[in-house]
Amino acid sequence: MLGPHGGTHLLTGSSEYDAVVIGGGFFGCSLALGLSRFLGRVLVVEKEPELLQRASHSNQARVHNGYHYPRSLLTALRSRVNFDRFVGDYAECVVDGFDKYYAIATTFSHVTAEQFRTFCSRIGAPLEPAPRDVRALFNPALIEDVFRVREIAFDAVKLRQRTWRDLRAAGLEVRLNTEAVKLQARADELIEVSLQDKGAGDQVVARYVFNCTYARLNPVLANSNLPTLPLKYELTEMALVDMPAPLKDFGVTVMCGPFFSAMPFPSRGLHTLSHVRYTPHNYWFDGTDGCRIDAHHYLVNNLPDTRFEYMIRDASRYMPALRDARHMDSLWEVKTVLPASEVDDSRPILFRWGHGLKNLVCVMGGKIDNIYDVLQEIDLLRGRGELS
Ligand SMILES: Cc1cc2nc3c(=O)[nH]c(=O)nc-3n(C[C@H](O)[C@H](O)[C@H](O)COP(=O)(O)OP(=O)(O)OC[C@H]3O[C@@H](n4cnc5c(N)ncnc54)[C@H](O)[C@@H]3O)c2cc1C
């Protein structure tokens, strides 16, 4: 039987799906859209009342173009490739009406200005010396050099609206306020997914299940007696600030170590201010032997006091004009990274096919444009006939 998009559609019952995608963030929704090109019924379940409300909203909104990763050439090169694609595919969601600068710190930086220049030329990332009036904004005792780069921001709310439009156009089913709590293999090789919807439970079954829950990849695995994934979690704060007049159309990242970054956050008309030392308030790890902490519950129950004052005090040593930035709010989220990223700050994707159960796939991207790396894995599996 053919599904609405021409793919093989094996299941017909109302609670039977070709694929269930757990997690309605940018990764889950984009993956569901990719699957709907060749699978019949695809369902997205999201525990929050809205899509793209967690990490896909509360992040620094930077569309990476390689500059951020001088310690991981592979991540830098993938960012370069994905940048143009993302900007082309999501043109109405990106904002580039600001100048972006990378400044290199004189001390405690993992790179010198010369090394940064060489690195950018190696990855083909455009770089030019900052104009004199911009250099004058930096403290010359602490900043070795300043470069103008091509890096832009995305609008998380526009990305959500665009995602809804795409999901509707593709005829995908979405269940909000619905948490996937447990997975169980059936004798017929389908996977049963137990759902909780405002306290009431029900089940759906699927040929494939994709776990795209980012900071909550492990609770559903642990509940299902499946091995958990080794992950590092950071409870993060990004301050939302109103920038002083000379810095309104300005983004800046100080490289490469315990410094700060200020990027426009278009959906609020403000900037995010993050600081390598102060943005992570707390961190913990999971291994393969269970889920120690449910990240979302932890965040709700352990919201710390803001560290904006620490961030701005340090940042304004490098850029004195930042002293007049006004703290309006903070974005809080649990950042989740692979432990390997600790070493070189790389952002590979996690893509575990057949994790504990045949046809269960665990997926996580360390940055928004990693979605193309995920879709590439799907194409490879399709090419090998493992996903059809
Ligand atoms: C502080 C911070 C700054 C960042 N800065 C950038 C940046 O500047 N640029 C960049 O490209 N990337 C950045 N990232 C990374 C980026 O945000 C993530 O890679 C991306 O948003 C992950 O998308 P996702 O869909 O996997 O996660 P999410 O958007 O978190 O989606 C996962 C969804 O799963 C849902 N869920 C969880 N458990 C269940 C369940 N059991 N049942 C149903 N639903 C469930 C959650 O509610 C959530 O909506 C940053 C991340 C953080 C935290």
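The name an unreviewed UniProt entry gives the chain is D amino acid oxidase (DAO) family, with Cystobacter fuscus as the organism. UniProt's Cofactor (unreviewed entry) comment on the chain is quoted here verbatim: "FAD". For the record of the chain, the UniProt heading Sequence similarities (unreviewed entry) holds the text "Belongs to the L2HGDH family."

Turning to the packing of aromatic side chains, a few remarks are in order. On inspection of all chains with the given rule, the structure shows 17 aromatic pairs. Ring geometry for Phe26 versus Tyr90: centroids 5.6 Å apart, planes at 70°, classification edge-to-face. You can see Phe26 sitting in helix 1 (residues 26-35) and its partner Tyr90 sitting in the loop between helix 2 (73-89) and strand 4 (94-95), a full 64 residues away along the chain. Over the ring of Tyr310 we find Arg313, and its NZ or CZ is 5.7 Å from the ring centre.

Interface size, as often reported, equals the accessible area lost upon joining of the parts. Once the domains are mapped, the chain shows domain 1 (1-61 + 155-228 + 345-388) and domain 2 (94-154 + 231-337). Placing a centre on the C-alpha atoms of domain 1 and another on those of domain 2 gives a separation of 31 Å. Opposite the 27 residues of domain 1 that make contact, domain 2 presents 32 residues. With both sides pooled, the region where domain 1 packs onto domain 2 buries about 2,400 Å², and carbon together with sulfur makes up 57% of that total. It is Gln60, Ala61 and Asp155 in domain 1 that bury the most area against domain 2; as a group they hold 27% of the surface buried on that side. Run the count over domain 1 and domain 2 and you get two salt bridges.

This brings us to the packing of helix 1 against helix 10 (residues 371-383). Packing of helix 1 against helix 10 brings their axes to within 10 Å, and their N-to-C directions diverge by 35°. As for how helix 1 packs across helix 10, the hand of that crossing is right-handed. Contact residues: Phe26, Phe27, Ser30, Leu31, Gly34 and Leu35 in helix 1; Ile371, Val374, Leu375 and Ile378 in helix 10.

Take the sheet that holds strand 8 (residues 152-154) next. The strand order 3-8-4 describes an open sheet built from three strands, whose pairing is antiparallel. Edge positions in the sheet fall to strand 3 (62-63) and strand 4, since each has one partner strand and no second. As paired elements, strand 4 and strand 8 share two bridges and run antiparallel to each other. Looking across to strand 8, one finds that Val94 is bridged to Phe154. Where helix 2 meets the sheet, it contacts strand 3, strand 4 and strand 8, and its direction lies at approximately 50° from that of strand 8.

A word on the environment of Met328. Along the polypeptide, Met328 turns up in strand 18 (residues 326-337). The class for Met328 is partly exposed, based on a relative accessible area of 43%. Along the primary structure Met328 and Leu240 are separated by 88 residues, whereas in three dimensions their C-alpha atoms are 5.6 Å apart. Excluding residues within four positions of it along the chain, Met328 makes contact with Leu240, Val241, Asp242 and Leu270.

Now for the pattern of salt bridges. Under the defined criterion, the tally for this structure stands at 31 salt bridges. A salt bridge links Asp18 to Arg207, with the nearest nitrogen and oxygen atoms 3.0 Å apart. Of the two residues, Asp18 sits in strand 1 (residues 16-22) while Arg207 sits in strand 12 (residues 200-211), which places them 189 residues apart along the sequence. For the pair Asp18 and Arg207, one class covers both residues: buried. Residues participating in the shared-partner salt-bridge network are Lys47, Glu48, Arg54 and Glu333.

As a structural note, the neighbourhood of the ligand is formed by 33 residues, with Glu46, Ser56, Arg62, Gly365 and Ile368 the closest of them. A distance of 2.5 Å separates an oxygen atom of the ligand from a polar side-chain atom of Ser56. Here the ligand loses 97% of its free accessible area of 1,000 Å² to cover by the protein chains. When residues of the shell around the ligand are assigned to their parent elements, the largest contribution, three residues, is made by strand 10 (residues 178-185). Here the residues of the shell around the ligand sort into 11 nonpolar, 13 polar and nine charged. Domain assignment of the residues forming the shell around the ligand places at least three in each of domain 1 (1-61 + 155-228 + 345-388) and domain 2 (94-154 + 231-337).

With that settled, the discussion passes to the pairing of strand 20 (residues 360-364). The element strand 20 is largely enclosed, with a buried count of five among its five residues. Side chains Leu360, Cys362 and Met364 project from strand 20 onto one buried face, and the interleaved Val361 and Val363 project onto a second face that is buried too. Across three bridges, the pairing between strand 12 and strand 20 is parallel. Following the sheet pairing, Val209 is matched in strand 20 by Leu360. Hairpin connection of strand 19 (residues 350-353) to strand 20: six residues between the antiparallel strands, including Gly354 at a positive phi of 70°.

Moving on to unusual backbone geometry. Residues Met255 and Cys256 are joined by a peptide bond in cis, for which omega reads -10°. Within the secondary structure layout, Cys256 lies in the loop between strand 14 (250-255) and strand 15 (260-265). Despite not being glycine, Lys198 has its phi angle at roughly 50°, a positive value. Examined against the element boundaries, Lys198 turns out to sit in the loop between strand 11 (191-197) and strand 12. Residue classification places Lys198 among the exposed positions, given a relative accessible area of 72%. Its identity as a non-glycine residue notwithstanding, Asn225 has a phi of 55°, on the positive side. Among the secondary structure elements, Asn225 is positioned in the loop between helix 6 (217-223) and strand 13 (231-242). Classification of Asn225 as exposed rests on a relative accessible area of 72%.

Cut-offs applied
- Position numbers for residues start from 1 in each chain and track the written sequence from start to end.
- Where totals are concerned, whole chains, interfaces and linings use all residues; where local detail is concerned, this predicted model gives features only for residues with pLDDT of at least 70, and gives and counts side-chain atom pairs only at 80 or more.
- The basis for every side-chain value is the complete set of non-hydrogen atoms in the structure, without hydrogens or water.
- UniProt positions are given in the numbering used here, feature names are shortened, and annotations may be inferred rather than shown by experiment.
- The aromatic pairing rule takes the rings of Phe, Tyr and Trp, using the six-membered ring of Trp, and pairs them if the centres are within 6.5 Å, calling planes under 30 degrees apart stacked, those over 60 edge-to-face and the rest tilted.
- The helix and strand labels rest on DSSP assignments: H or I over at least four residues marks a helix, E over at least two residues marks a strand, and numbering proceeds from the N terminus.
- Definition used: whenever NZ (Lys) or CZ (Arg) falls within 6 Å of the ring centre and also within 35 degrees of the ring normal, the charge is taken to sit over that ring.
- The source of the domain bounds is an automatic or database domain assignment.
- Residue contacts are counted whenever heavy atoms from the two residues lie within 4.5 Å of one another.
- Buried area: the accessible surface (1.4 Å probe) lost by two parts on joining, summed over both.
- The salt bridge criterion pairs a side-chain nitrogen of Lys or Arg with a carboxyl oxygen of Asp or Glu, the two atoms within 4 Å.
- The convention used is that axes are lines fitted to C-alpha atoms, helices contributing only their stretch in contact, and that angles between N-to-C directions extend from 0 to 180 degrees.
- The hand of a helix crossing depends on one turn: near helix anticlockwise from the far one by less than a right angle means left-handed, and clockwise means right-handed.
- Strands pair, by our definition, only if DSSP identifies at least two bridges between them.
- Only protein chains enter the accessibility calculation, which uses a 1.4 Å probe. A residue is then buried if its area is under 20% of the maximum for its type, exposed if over 50%, and partly exposed in between.
- By convention in these notes, a residue is near a molecule or strand provided one of its non-hydrogen atoms lies within 4 Å of it.
- N or O atoms closer than or at 3.5 Å make up a polar contact, with two conditions inside protein: a donor-capable atom paired with an acceptor-capable one, and, for residues adjacent in sequence, both atoms drawn from side chains.
- Methods summary: accessible areas were calculated by the Shrake-Rupley approach with a probe of 1.4 Å, and residue burial reflects only the protein chains presented.
- Classification convention: Asp, Glu, Lys, Arg as charged; Ala, Val, Leu, Ile, Met, Phe, Trp, Tyr, Cys, Pro as nonpolar; all other residues, Gly among them, as polar.

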